[in-house]
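Structural features, examined
Next come the chains, spelled out residue by residue.
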Amino acid sequence: MLGFGEDRLRADMNRLLALLFHQGVLDEQFLQLQQLQDETSPNFVSEVVNIYFQESEKLLRNLRELLLDREFSDYKKMGIHLNQFMGSSSSIGANRVRNVCVAFRAASEQNNRPGCLRALELLEHEYCYLKNKLHELFQIEQQRVLAAGVRYPMQN
């Protein structure tokens, strides 16, 4: 029998995931990632996502540095960073981040610096939203796991 806390936390997780899917923040790839998690690797999803966050921070920093350079003209290098960001975002199901990368890449292919600056701002916004929501999800999951370990005696 599940504890009341565990039931509530599981429902909270399901509501948050439903919201993120409804908003298009996540796609079915995230569900496939979750299916790879089991008892032998209970933190698989959070570990993969944390690696994604570390790499994404580097890519965002590189993109920002490229665009803030007044002498900037290396749109090809920007495209390489964006392709990496798109690929890693796709692999974890970060749908909206991936979609912004696609638009950002289109602006970079046209050597459109103002468009790239707007896309970078949007990319940073979407990335921060994703990161905050996934951290929230993982915190609820940790609380649920802790609650599952606590068993309350039945009242007569």
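Residues numbered from 1 in each chain as written. Predicted model: local features only at pLDDT ≥ 70, side-chain atom pairs only at ≥ 80, totals over all residues. Heavy atoms only, no water.

In the nomenclature of an unreviewed UniProt entry, the chain is known as Histidine-containing phosphotransfer protein of Nyssa sinensis. UniProt lists a comment for the chain under the heading Function (unreviewed entry), and it reads "Functions as a two-component phosphorelay mediators between cytokinin sensor histidine kinases and response regulators (B-type ARRs). Plays an important role in propagating cytokinin signal transduction." (UniProt positions renumbered as here; feature names shortened; annotations may be inferred.)

A look at the overall build of the chain
Summing up its helical and strand segments, the chain has 6 helices and 0 strands in all. Secondary structure elements of the chain occur, N-terminal to C-terminal, as α-α-α-α-α-α. For the chain, the C-alpha radius of gyration of 19 Å lies well beyond 15 Å, the compact-globule estimate for 156 residues. Burial analysis of the chain (156 residues in total) assigns 38% to the buried set. Across the chain, the fraction of contacts at a sequence separation of at least 24, relative to all contacts at a separation of at least 6, is 66%. As presented, the chain carries roughly 9,600 Å² of accessible surface, and 52% of it is formed by carbon and sulfur atoms. Charge centroids of the chain, computed over 18 positive and 20 negative side chains, lie 3 Å from each other. (Helix = DSSP H or I, 4+ residues; strand = E, 2+ residues; numbered from the N terminus. Rg over C-alpha atoms; globule rule 2.2 N^0.38 Å. Buried < 20%, exposed > 50% of the residue type's maximum accessible area, 1.4 Å probe, protein only. Contact = heavy atoms within 4.5 Å. Areas by Shrake-Rupley, 256 points an atom, 1.4 Å probe, with all protein chains shown as cover. Lys, Arg positive; Asp, Glu negative; His and termini not counted. Charge placed at Lys NZ, Arg CZ, Asp CG, Glu CD.)

Details of the packing of helix α3 (residues 44–68) against helix α4 (residues 75–92)
As a packed pair, α3 and α4 sit with axes 10 Å apart at the nearest point and diverge in direction by 160°. In this view, α3 runs roughly antiparallel relative to α4, as classed from their interaxial angle. Where α3 crosses over α4, the two elements pack in a sense that is left-handed. Along its contact with α3, which presents Val48, Val49, Tyr52, Ser56, Leu59, Leu60, Asn62, Leu63, Leu66 and Leu67, the element α4 presents Lys77, Met78, His81, Leu82, Gln84, Phe85, Ser88, Ser89 and Ile92. (Axes fitted to C-alpha atoms, helices over the stretch in contact; angles between N-to-C directions. Parallel < 35°, antiparallel > 145°, perpendicular 65-115°, else oblique. Left-handed = near helix turned anticlockwise from the far one by under 90°.)

A look at α4
Its 18 residues give α4 an end-to-end C-alpha distance of 26 Å, which sits within 8% of 26 Å, the value for a rise of 1.5 Å per residue. Buried within α4 we find Tyr75, Met78, Gly79, His81, Leu82, Phe85, Met86, Ser89 and Ile92. Along α4, the residues classed as buried sweep out an arc of 165° about the axis, all on the same side. On its buried face, α4 sits against α2 (28–35), α3, α5 (95–109) and α6 (113–149). Gly93 lies just past α4 and shows a positive phi near 85°. (Expected span 1.5 Å × (residues − 1). Arc of directions from axis to C-beta.)

With respect to the packing of aromatic side chains
The final tally for this structure, using the stated rule, is 5 aromatic pairs. Pairing Phe53 with Tyr127 gives two aromatic rings, centres 6.0 Å apart and planes at 85°, and the pair type is edge-to-face. One end of the pair, Phe53, is in helix α3; the other, Tyr127, is in helix α6, with 74 residues separating them in the sequence. A relative accessible area of 4% means that Phe53 is categorised as buried. By way of ring pairs, the aromatic residues Tyr52, Phe53, Phe85 and Tyr127 are connected into one cluster. (Phe/Tyr/Trp six-rings, centres within 6.5 Å; stacked < 30°, edge-to-face > 60°.)

Some words on the side chain of Asp27
By the element assignment, Asp27 lies in the loop between α1 (4–22) and α2. No salt bridge is formed by the buried Asp27; the nearest opposite charge belongs to Arg98, separated by 5.3 Å. Polar contacts involving the side chain of Asp27 include one to the main-chain amide nitrogen of Gln29, which spans 3.0 Å. Beyond its immediate stretch of four places on either side in the chain, Asp27 contacts Phe21, Gly93 and Asn95. (Salt bridge = Lys/Arg side-chain N within 4 Å of Asp/Glu carboxyl O. Polar contact = N/O pair within 3.5 Å; in protein donor to acceptor, adjacent residues only side chain to side chain.)

Some thoughts on the packing of α5 against α6
The interhelical angle for the contact between α5 and α6, taken along N-to-C directions, is 170°, at an axis separation of 9 Å. One element, α5, and the other, α6, form an angle in the roughly antiparallel class. Residue-level inspection shows Arg96, Val97, Val100, Cys101, Phe104, Ala107 and Ser108 of α5 in contact with α6, the latter providing Gly115, Cys116, Ala119, Leu120, Leu122, Leu123, Glu126, Tyr127, Tyr129 and Leu130.

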